[in-house]
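Architecture at a glance
Chain by chain, the residues:
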Amino acid sequence: MAIANLLNNKGMLPEKYRTMDRAEMENRIREIKEKLGEKLFIPCHHYQKDEVVQFADSIGDSLQLAQVAAANKKAEHIVFCGVHFMAETADMLTTDEQVVYLPDMRAGCSMADMADIYQTEEAWVQLQQIFGDTLIPLTYVNSTAAIKAFTGRNGGACVTSSNAKKMVKWAFTQKERLFFLPDQHLGRNTTFELGIPLEQMAVWNPISGKLEFEGNVEDIKVVLWKGHCSVHQGFTVENVREVREKYPEMTIIVHPECCRDVVEVSDMNGSTKFIVDTINAAPTGSSWAIGTEMNLVKRIIAEHPDKKIISLNENMCPCLTMNRIDLPHLLWALEIIENGEEGNVIQVDKEVTKEAILSLDRMLTLA
Ligand code: 13P
Ligand code: SF4
């Protein structure tokens, strides 16, 4: 958000919502939802707070939310309860007549912010000098629309944690090497599980503008952007060791944004949908330690009183940016729509969309 907007409070939650009583907010949201009917659609990521999730028309992981956004042709207003890159993706996948809103424009993703387009173009030039035309870019959907456009115009595609393996396999049918951004951990975990040894993976450091690798560059199969999720990087091998010691019967399931060492010593890894589905299908009495964002872990615990479930790290905090979306912000966005006001709209530049869509479509047709 522009600094000028922050200074004059433009784009900030109006004061009246801060003092409004919870029941009143919930009633107003219900009222507006009823009034707008199918004209309104509220997709919600699994990491959202329960107070928001109760109003979701669809809840899912990044892939599911991209798919439902692409499929919905009825809603005029899409109020996206998730983070900025998800709302951008929804905007690009919907028609020009459909408007996408983000209830709090400050709800970004720190991982997506770790790759800007200028650093990426610069990296690409240098990597082409080293590897020639042997690289294909793959970008995690947790990236800006500009990075998706870069990927699209260079023959690559988007991936989510649900379809990363499928997309990596496809990418290797196109080129000899991968340039995976911005999450080094998802890239490393996925390609390692597909049989690429760690010794054939290099890291691109966008700060120094250098390739981190020891050995013969000819051997490199995967170049990983040095980005990470601050939430998932908080799970450690020590957390796994402690859980194993205290609860040897527990199955440990983590998100692939956790680092390689943690995934290595866990029992299973997969997207938020995979985690939700796995626990849903688990037998009564089974026990689980989950390594992902806290709002989701707490919800899974509440929904499964018949199972013993804990967080892999009890001191883990929720994703702070996902958490910015709350009842007051949701109501504010809905009242903006009801009153025909302007605000909180996510609109990706047309030229950027044209190229970014190439990378999203390549994913959605294969996913
Ligand atoms: P999923 O696609 O697994 O829901 O992950 C999105 C995300 O941001 C995880 O941190
Ligand atoms: Fe981004 Fe991590 Fe939050 Fe997911 S959990 S939205 S990757 S900061």
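Keep in mind that what you see is a predicted model, and the values were worked out from it rather than measured.

So, on to the packing of helix α3 (residues 22–36) against helix α15 (residues 327–338). Packed helix pairs are specified by the crossing angle of their axes together with the interaxial distance, meaning the distance between the axes. Two numbers describe how α3 lies on α15: the axes approach to 10 Å, and their chain directions differ by 35 degrees. Here α3 runs over α15; the crossing is left-handed. Contacts between α3 and α15 involve R22, M25, E26, R28, I29, I32, K35 and L36 from the first element and L327, P328, L330, L331, L334, E335, I337 and E338 from the second. Taken together, the residues of the contact of α3 with α15 sort by class into ten nonpolar, no polar and six charged.

Moving on, we get to the packing of aromatic side chains. What characterises a pair of aromatic rings is the spacing of the ring centres plus the angle enclosed by the ring planes. Enumeration over the complete set of coordinates arrives at three aromatic pairs. The interplanar angle of 20 degrees and the centroid separation of 6.0 Å between the aromatic rings of W124 and F179 together place this pair among those described as stacked. Highlighted residues: W124 in helix α7 (residues 117–131) and F179 in strand β8 (residues 177–181), separated in sequence by 55 residues. Between F179 and W225, the aromatic rings sit 6.1 Å apart at their centres with planes inclined by 50 degrees, giving tilted as the arrangement. Here F179 is found in strand β8, whereas its partner W225 is found in strand β11 (residues 222–225), with 46 residues between them in sequence. Here the aromatic cluster, defined as three or more aromatic residues joined through ring pairs, consists of W124, F150, F179 and W225.

This brings us to the nonpolar core. Among the nonpolar cores identified, the biggest contains 105 residues, and V79, L138, L312, L330 and L334 are the most heavily contacted of them. Top contributing element to this core by residue count: α15, with eight residues. For L138, the residues in contact, after removing those within four places along its chain, are T151, A157, V159, M167, V168, W170, A171, L178, F179, F180 and L181. Counting 16 residues, the second-largest nonpolar core is a separate cluster that includes I117, W124, I147 and F150.

Cross-referencing UniProt, the feature "binding site: [4Fe-4S] cluster" (unreviewed entry) maps to C109, C229 and C319 in the present numbering. Spatially, the listed residues are clustered: although they cover 211 residues, their C-alpha atoms lie within 9.5 Å of one another. Once you skip the residues sitting within four places of it in the chain, C109 turns out to touch V83, F85, N142 and T321. Here C319 falls in the buried class, since its relative accessible area comes to 15%. Aside from chain neighbours lying at most four places away, what touches C319 is V231 and E293.

On the secondary structure map, T321 appears in the loop between β15 (308–311) and α15. The class of T321 is buried, set by a relative accessible area of 19%. Sequence separation of T321 and C109 is 212 residues, and the distance between their C-alpha atoms is 6.5 Å. Not counting residues within four places of it along the chain, the set of residues in contact with T321 comprises V83, R106, A107, G108 and C109.

This paragraph deals with the site of ligand 2. Around ligand 2 sit Y47, V83, C109, S110, M111, N142, C229, E257, C319 and M322, and those are all the residues in its vicinity. Partitioning the shell around ligand 2 into residue classes produces seven nonpolar, two polar and one charged.

Taken together, H45, Y47, D61, S62, Y140, N142, S161, H232, H255, E257, S271 and T272 make up all the residues around ligand 1. Here an oxygen atom of ligand 1 sits 2.8 Å away from a polar atom, N or O, in the side chain of S62. About the coverage of ligand 1: the protein hides 96% of its 300 Å² of free accessible area.

The rules we used
Each chain has its residues counted from 1, running along the sequence as written. Ligands are numbered from 1 and chains lettered from A, in the order in which they are written. This being a predicted model, a pLDDT of at least 70 is required before a residue's local features are given, and a value of 80 or more before pairs of side-chain atoms are given or counted; all residues contribute to the totals for chains, interfaces and linings. The side-chain quantities take in all heavy atoms of the structure and omit both hydrogens and water. Here the axes come from fitting lines to C-alpha atoms, over the contacting stretch only for helices, and the angles between their N-to-C directions go from 0 to 180 degrees. Secondary structure elements are taken from DSSP: a helix is a run of H or I of four residues or more, a strand is a run of E of two residues or more, and numbering for both begins at the N terminus. In this scheme, a crossing is called left-handed if the near helix is turned counterclockwise away from the far one by less than a right angle; it is called right-handed if the turn is clockwise. We call two residues in contact whenever any of their non-hydrogen atoms come within 4.5 Å of each other. Under this grouping Gly is polar, as are all residues other than the nonpolar Ala, Val, Leu, Ile, Met, Phe, Trp, Tyr, Cys and Pro and the charged Asp, Glu, Lys and Arg. Only Phe, Tyr and Trp rings take part, Trp by its six-membered ring, and two of them pair if their centres are within 6.5 Å. Stacked means planes under 30 degrees apart, edge-to-face means over 60, and tilted covers everything else. Residues belong to a common nonpolar core when they are buried Ala, Val, Leu, Ile, Met, Phe, Trp, Tyr or Cys residues joined through side-chain atoms within 4.5 Å. Here the term buried applies to any residue with accessible area under 20% of the maximum for its type, exposed to any over 50%, and partly exposed to those in between, with areas from a 1.4 Å probe on protein chains only. UniProt positions are given in the numbering used here, feature names are shortened, and annotations may be inferred rather than shown by experiment. Definition of nearness: a residue and a molecule or strand are near each other if at least one heavy atom of the residue lies within 4 Å of the molecule or strand. Think of a polar contact as two N or O atoms within 3.5 Å of one another; within protein, one of them needs to be a possible hydrogen donor and the other a possible acceptor, and neighboring residues in sequence only count if both atoms come from side chains. To measure how exposed things are, a 1.4 Å probe is used in the Shrake-Rupley method; for residues, cover is taken only from the protein chains shown.

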